Amino acid sequence: MTPKLQKLSDGLKPLGLSPTERLGELTVEVKASEYKAICIRLRDDPALRFEQLIDLCGVDYAAYADKPRDGAPRFAAVLHLLSLHNNWRLRVRSFCPDDEFPVVSSMTEVWPAAGWFEREAFDLFGIMFEDHPDLRRILTDYGFVGHPIRKDFPLSGHVEMRYDPEQRRVIYQPVTIDPREVTPRIVREPNYGEEVSPLKNG
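Since we're looking at a predicted model, the values are computed, not measured.

Caption draft 1: Region of interest: unusual backbone geometry. The backbone of Leu23 sits at a positive phi, close to 55°, despite the residue not being glycine. Inspection of the secondary structure puts Leu23 in the loop between β1 (20–22) and β2 (25–29). One non-glycine residue, Asp131, lies in the positive phi region at around 75°. Classification of Asp131 by relative accessible area gives exposed; the value is 58%.

Listed below in structure tokens is the structure:
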């Protein structure tokens, strides 16, 4: 661990956090019940001062790294924080306790920029953010069924839309795409790979 990361790691220990280092970055994992309180302390602690939220995303850990997560929570909210004062970056991960109805606290009161990111995580992963002021879909269409970045979401989706010239509007209907195996076809010009003889001077 570099001296800079070690200093950040030491600064997190008074908060009861045990950071892990991987690829030159620190990650702390917090319980969903402590998620908001810990984030407030990360922002307000004068030694840490993580005043900026860079990103918030949802993660689906189903079959993570090609291994099933037996008994482990499936969905998590992951924050990427920046302390401009200390030039530190930190990743904060909080797992949703219930896979059937994943919920964590909203960070909009801590960092207002979290609002759009949380809407995206809700839309794509179905993670609910408690106390979010306007938790609506943000990327998918009106009436979209399901959450498209979940690992069990079908690649072809559930419905498709098309313009109906008789009704003169866009309509939704069940997916009519037949699953098929795509075999790559290699097209090469004639004489591909043959040795080209040098031109002879006349």
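Caption draft 2: How the structure looks around the nonpolar core. Of all hydrophobic cores here, the largest spans 35 residues; its most connected members are Tyr35, Leu42, Leu79 and Val92. Setting aside residues up to four positions removed in sequence, Leu42 forms contacts with Leu12, Leu15, Leu17, Leu48, Arg49, Phe50, Leu81, Leu90 and Val92. Counting 5 residues, the second-largest nonpolar core is a separate cluster that includes Tyr61, Ala76, Val78 and Phe95.

Caption draft 3: Quick peek at the packing of aromatic side chains. Tallied over the full model, the rule gives 2 aromatic pairs. Plain terms: the ring middles of Tyr61 and Phe95 are 5.2 Å apart, the flat faces sit at 50° to each other, and that makes the pair tilted. Of this pair, Tyr61 sits in the loop between β3 (52–60) and β4 (75–83) while Phe95 sits in strand β5 (residues 88–95), placing them 34 residues apart in sequence. Assessed through its relative accessible area of 7%, Tyr61 is described here as buried. On the numbers, 5.9 Å between centres and 20° between planes, the contact of Phe144 with Phe153 is stacked.

Definitions and cut-offs
Residues numbered from 1 in each chain as written. Predicted model: local features only at pLDDT ≥ 70, side-chain atom pairs only at ≥ 80, totals over all residues. Heavy atoms only, no water. Helix = DSSP H or I, 4+ residues; strand = E, 2+ residues; numbered from the N terminus. Buried < 20%, exposed > 50% of the residue type's maximum accessible area, 1.4 Å probe, protein only. Core = buried A, V, L, I, M, F, W, Y, C linked by side-chain atoms within 4.5 Å. Contact = heavy atoms within 4.5 Å. Phe/Tyr/Trp six-rings, centres within 6.5 Å; stacked < 30°, edge-to-face > 60°.

None of the figures reported here should be taken as evidence of function without further support.
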